[in-house]
Amino acid sequence: MEAFNATKKEDPFMQMKISSHDPLLQGMKRSKCSGCNSSRMYFCYTCYKYVEGVDPTQIPLVKLPVKIDIVKHPRELDGKSTAVHAKMISPEHVQIYTYPAIPDYSAEADDVILLYPSDVAQTLSHFTTDDTSKETSDNMEKDAACHKIPSFKKVVLIDSTWNQVHGIKTDERLQGLRHVVLDTKKTNYWRSQSHCPETYLATIEAIHLFVQQYHESFIGTYNGEYDNLLYFFKFFYGMVHQNKHKKEESKKQKNSNPSK
């Protein structure tokens, strides 16, 4: 199977710095996971291991500027969740917990924020501290973001459908956390939720957008440093649209050549 060659109109990742998918094209067959012995393609979404045929050294790794915890609803299917993409690409900075087995974040509320668009949620620009202990170097980038220090060390995301999120959000272990909301954009996820607007992002899209806006708020001009978070998302997006295109072409051929 060849990589999906999208037109500019079809490819929302055109301006992003995402690595080649050639390493994945070499391993497009199901193999057993060395951890749980289950049959998987590309990686095991339970053990977070790459399967035989995929060389991990050829898959990009991304160092994130902040720790990220993902709380996954127990009914959220592992094989369909994009949360695992973040764990595979940023294993040292991302942790995934399946509810209700989660840490007590209320005990560290000063250092943790929850990514959730509640009525009291604020944008990242509000999560700064007045800490002036760090002197500004003359060689430091002359970007206003460099003078801001985030007032948190970790962000928590809930991986679930919109209808499932309430039961997790109201858990006492998540109480007391400040809520952050993103300047959002239209999703490119192929599994849309019914009755939800197009700005409801897949988990990996939300993570990518969060760290991008974090970089712009606290580090400086964003230059694609975390675009490879969407490495698998772009790959599967291409496969879905390629299969859709093939079905449409097949349907056109049948309609243009009706049987006599």
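This one's a predicted model, so the numbers in the text were calculated from it and none came from an experiment. (Residues numbered from 1 in each chain as written. Predicted model: local features only at pLDDT ≥ 70, side-chain atom pairs only at ≥ 80, totals over all residues. Heavy atoms only, no water.)

## Section: the overall build of the protein
Right, on to step 1. When helices and strands are tallied, the protein shows 5 helices and 11 strands.
Right, on to step 2. Scored against the burial criterion, the 260 residues of the protein give a buried share of 43%.
Right, on to step 3. Taking as baseline every contact in the protein between residues at least 6 positions apart, the subset at least 24 positions apart corresponds to 75%.
Right, on to step 4. Accessible surface computed for the protein: about 15200 Å², of which carbon and sulfur atoms make up 47%. (Helix = DSSP H or I, 4+ residues; strand = E, 2+ residues; numbered from the N terminus. Buried < 20%, exposed > 50% of the residue type's maximum accessible area, 1.4 Å probe, protein only. Contact = heavy atoms within 4.5 Å. Areas by Shrake-Rupley, 256 points an atom, 1.4 Å probe, with all protein chains shown as cover.)

## Digging into the pattern of salt bridges
Oppositely charged side chains can form a pair if their charged atoms are brought close together.
Right, on to step 1. Going through the model one piece at a time under the given rule, you end up with 3 salt bridges.
Right, on to step 2. Asp 69 is the partner of Lys 154 in a salt bridge, and the nearest nitrogen-oxygen pair spans 3.5 Å. One end of the pair, Lys 154, is in strand β10 (residues 154-159); the other, Asp 69, is in strand β5 (residues 67-72), with 85 residues separating them in the sequence.
Right, on to step 3. Residue Asp 69 is classed as buried on the basis of its relative accessible area, which comes to 3%.
Right, on to step 4. Of the charged contacts, one joins Arg 173 and Asp 171 as a salt bridge, the two residues approaching to 3.0 Å between their closest N and O atoms.
Right, on to step 5. Asp 171 sits in the buried class, given a relative accessible area of 10%. (Salt bridge = Lys/Arg side-chain N within 4 Å of Asp/Glu carboxyl O.)

## So, the nonpolar core
Right, on to step 1. Counting 51 residues, the largest nonpolar core has Ile 68, Phe 152, Phe 210 and Phe 232 as the members making the most contacts within it.
Right, on to step 2. Going through the elements one at a time, β5, α2 (83-89), β6 (94-98), β7 (112-115), β10, α4 (203-218) and α5 (231-256) are the ones with two or more residues in this core.
Right, on to step 3. Looking at which element gives the most residues to this core, the answer is α4, with 8 residues.
Right, on to step 4. For Phe 152, the residues in contact, after removing those within four places along its chain, are Val 66, Asp 111, Ile 113, Leu 124, Phe 127, Arg 178, Phe 210, Tyr 214 and Phe 218.
Right, on to step 5. Of all hydrophobic cores here, the second largest spans 14 residues; its members include Val 71, Tyr 105, Ile 168 and Leu 177. (Core = buried A, V, L, I, M, F, W, Y, C linked by side-chain atoms within 4.5 Å.)

## Here we look at the state of the cysteines
Right, on to step 1. Counted under the stated rule, the structure contains 0 disulfides.
Right, on to step 2. Cys 44 supplies the cysteine sulfur nearest to Cys 36, a cysteine that is in no disulfide, at a spacing of 3.7 Å.
Right, on to step 3. For the unlinked cysteine Cys 44, the closest cysteine sulfur is that of Cys 33, found at 3.6 Å.
Right, on to step 4. Overall, Cys 44 belongs to the buried group, its relative accessible area being 0%. (Disulfide = S-S within 2.5 Å.)

## Some details on the sheet that holds β10
Right, on to step 1. Here 5 strands make up an open sheet; going across it, the order is β6-β5-β10-β7-β11 and the pairing parallel. Looking at the sheet topology across the chains shown, the edges are occupied by β6 and β11 (178-180). If you compare each strand with its neighbour and ignore which way they point, the axes differ by 30° on average.
Right, on to step 2. Judged from the 3 bridges that link them, β7 and β11 form a sheet pairing that is parallel. When the sheet's bridge partners are listed, Leu 115 is paired in β11 with Val 180.
Right, on to step 3. Relative to β10, α4 is tilted by about 160°, and along the sheet it contacts β5, β7, β10 and β11. (Pairing = 2+ DSSP bridges. Axes fitted to C-alpha atoms, helices over the stretch in contact; angles between N-to-C directions.)

Such coordinate-based values are descriptive only and should not be taken to indicate function.
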